[in-house]
Amino acid sequence: MELKEIKQILQKYWEGETTDQEERLLTDYFNSNNIAPELQQEQPFFAGLAELTDDKRDEALEEDIMNHILEQEHREKTHYRWLWQTVSGIAAALMIAILAVNLTSNQKPWQDTYSNPDQAYAKASSTLQYVAGYYQKGMKGLEPVKTINQASTPLHSSLNKLEKGFQEIQKVEIINEKLKKQ
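Note that the coordinates shown come from a computational prediction; the quantities given were computed from them, not determined experimentally. (Residues numbered from 1 in each chain as written. Predicted model: local features only at pLDDT ≥ 70, side-chain atom pairs only at ≥ 80, totals over all residues. Heavy atoms only, no water.)

Draft legend 1. Here's a closer look at the packing of helix α4 (residues 59–104) against helix α6 (residues 143–181). Close contact between α4 and α6 brings their axes to 11 Å; oriented N to C, the two are set at 130°. The angle between α4 and α6 falls in the class oblique. The element α4 and its partner α6 pack so that their crossing is right-handed. On α6, the residues that touch L61, D64 and I65 of α4 are I175, K178 and L179. For the contact of α4 with α6, the class distribution of residues is four nonpolar, no polar and two charged. (Axes fitted to C-alpha atoms, helices over the stretch in contact; angles between N-to-C directions. Helix = DSSP H or I, 4+ residues; strand = E, 2+ residues; numbered from the N terminus. Parallel < 35°, antiparallel > 145°, perpendicular 65-115°, else oblique. Left-handed = near helix turned anticlockwise from the far one by under 90°. Contact = heavy atoms within 4.5 Å. Nonpolar A, V, L, I, M, F, W, Y, C, P; charged D, E, K, R; others polar.)

Draft legend 2. A look at the environment of E38. Relative to the helices and strands, E38 resides in the loop between α2 (20–31) and α3 (43–52). E38 gets classed as partly exposed once you look at its relative accessible area, which sits at 38%. Among all residues touching E38, those that are not within four sequence positions of it are L3 and K7. Among the polar contacts listed, one links the side chain of E38 to the side chain of K7, at a separation of 3.0 Å. (Buried < 20%, exposed > 50% of the residue type's maximum accessible area, 1.4 Å probe, protein only. Polar contact = N/O pair within 3.5 Å; in protein donor to acceptor, adjacent residues only side chain to side chain.)

Draft legend 3. Highlighting the side chain of E22. The topology assignment puts E22 in helix α2. On the accessibility criterion, E22 (17% relative accessible area) is buried. In terms of polar contacts, E22 uses its side chain to reach the side chain of K12, at 2.8 Å. The residues touching E22, leaving out its near neighbours within four places in the chain, are I9, K12 and E17.

Draft legend 4. Representation of the nonpolar core within the structure. With twelve residues, the main nonpolar core is built from I6, I9, L10, Y13, L26, Y29, F30, I35, A36, L39, F46 and L49. Where this core is concerned, the elements lending two or more residues are α1 (3–14), α2 and α3. Ranked by the residues each element gives to this core, the list is headed by α1, at four residues. Sequence-distant contacts of Y13, defined by excluding residues within four places in its chain, comprise T18, E23, L26, F45, F46 and L49. (Core = buried A, V, L, I, M, F, W, Y, C linked by side-chain atoms within 4.5 Å.)

Next up, the structure:
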């Protein structure tokens, strides 16, 4: 296999875009004896990966990891359920308090300000236009924020790829620690 092709596959690997077959090609290449000098520093990493992916998998370790993941998901769901119940309970209590205050107060019932519907419509329209004017003035000040958001979009995708790589490295470190303890 050519060095150029290996470098391309390696670049795809670090970006998290390789297929299983390409990853096997990289593992086979780095486990061979004819590794290019400029890629020698990558060899220990792929040798470690090859050891981890051998058929000598520890079923108990895998089950422990899966149980940990499921426990974390359950804990997170329970937290959100509790949070939702608390917020909805507070909202319900506020609604009851507002209704109680409105029903127990001895105020006159609501009355229309205008007896002519056309006058009411005209006043409502002018008020809404007034509010819309201030709203548009306020939105003009946010145009630089829109530009910044558009400019930072490529950065977000790069950071997501980087985060994915860090997560993979962290998984490998956790597995290494578990293997060292055994």
